[in-house]
Amino acid sequence: MKNPAWEKLPLISNDLGQKKRFELLVEGETAFIEYIQAKNNIIYLTHTEVPRTLEGNGIGAIIVSKTLEHIRENGFKIAPLCPFIAAYLKRNPGKADGLLAPGFSVG
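Turning to the packing of aromatic side chains, a few remarks are in order. This model, assessed by the stated rule, comprises two aromatic pairs. Where tyrosine 44 meets phenylalanine 104, the ring centres are 6.4 Å apart and the plane angle is 75°; that geometry is what we call edge-to-face. On the criterion of sequence distance, the pair formed by tyrosine 44 in strand 4 (residues 42-49) and phenylalanine 104 in the segment after helix 2 (83-91) is long-range, its members being 60 residues apart. Given the relative accessible area of 23%, tyrosine 44 is considered partly exposed. Sitting over the face of the ring of phenylalanine 32, arginine 21 holds its NZ or CZ atom 3.8 Å from the ring centroid.

Rendered as structure tokens:
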């Protein structure tokens, strides 16, 4: 059951631990995208995970969209290594405009 309020949830940038993550807290569960931030302003998006209880509700698309918006606002480029994110960008090619790091493409 998709909930329109989920679109308004804030993206959390969690870089305190060894694994850096963008997180979205949804109904007591945490969806996340793990990333590696390189010194050359490139963020390598490595893994996306949505709790099983929330799968099929569009949470993955919401967190990817919010993450890309955050990255764009902060002037970084992306290297979409995660298959889920690569598939999202193939379905929504305009979302990658100006964001892809040199040598990376979607298509």
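Checked against the element boundaries, leucine 99 lands in the segment after helix 2. Excluding residues that lie within four positions of it along the chain, leucine 99 makes contacts with Leu68, Ile71, Arg72, Phe76, Lys77 and Ile78.

A few words on the pairing of strand 5 (residues 77-80). Strand direction decides the pairing type here: strand 4 and strand 5, joined by four bridges, are parallel. Residue pairing in the sheet places tyrosine 44 in a bridge with alanine 79 of strand 5. Taking the sense of rotation as the criterion, the β-α-β connection linking strand 4, helix 1 (residues 59-73) and strand 5 turns out right-handed.

Attention shifts here to helix 1. Here helix 1 is 15 residues long and its end C-alpha atoms lie 21 Å apart, about the 21 Å a rise of 1.5 Å per residue gives. Taken residue by residue, helix 1 has Ile59, Gly60, Ile62, Ile63, Val64, Ser65, Lys66, Thr67, Leu68 and Ile71 as its buried positions. On its buried face, helix 1 sits against strand 2 (20-26), strand 3 (29-37), strand 4, strand 5 and helix 2. Positive backbone phi, at 75°, marks glycine 75, one or two positions downstream of helix 1.

Across the sheet, which stays open at both edges, the five strands sit in the order 1-2-3-4-5 with mixed pairing between neighbours. The sheet is open, and its two edges are formed by strand 1 (12-14) and strand 5, each paired on a single side. Strand-to-strand, the axes of this sheet are offset by a mean angle of 30°, without reference to chain direction. Where strand 3 meets strand 4, six bridges bridge the pair, whose relative direction is antiparallel. Bridged to glutamate 34 within strand 4 is histidine 47. Along the sheet, helix 1 contacts strand 2, strand 3, strand 4 and strand 5; its crossing angle with strand 2, the most-contacted strand, is approximately 130°. Seen against the sheet, helix 2 touches strand 3, strand 4 and strand 5 and runs at an angle of roughly 110° to strand 5.

A word on the environment of lysine 2. Looking at the secondary structure, you find lysine 2 in the segment before strand 1. Classification of lysine 2 as exposed rests on a relative accessible area of 59%. Contact partners of lysine 2, with chain neighbours within four places excluded, come to Asn57 and Gly58.

Rules of the game
- Residues numbered from 1 in each chain as written.
- Predicted model: local features only at pLDDT ≥ 70, side-chain atom pairs only at ≥ 80, totals over all residues.
- Heavy atoms only, no water.
- Phe/Tyr/Trp six-rings, centres within 6.5 Å; stacked < 30°, edge-to-face > 60°.
- Helix = DSSP H or I, 4+ residues; strand = E, 2+ residues; numbered from the N terminus.
- Buried < 20%, exposed > 50% of the residue type's maximum accessible area, 1.4 Å probe, protein only.
- Lys NZ or Arg CZ within 6 Å of the ring centre and 35° of its normal.
- Contact = heavy atoms within 4.5 Å.
- Pairing = 2+ DSSP bridges.
- Right-handed = clockwise from strand over helix to strand, strands pointing away.
- Expected span 1.5 Å × (residues − 1).
- Axes fitted to C-alpha atoms, helices over the stretch in contact; angles between N-to-C directions.

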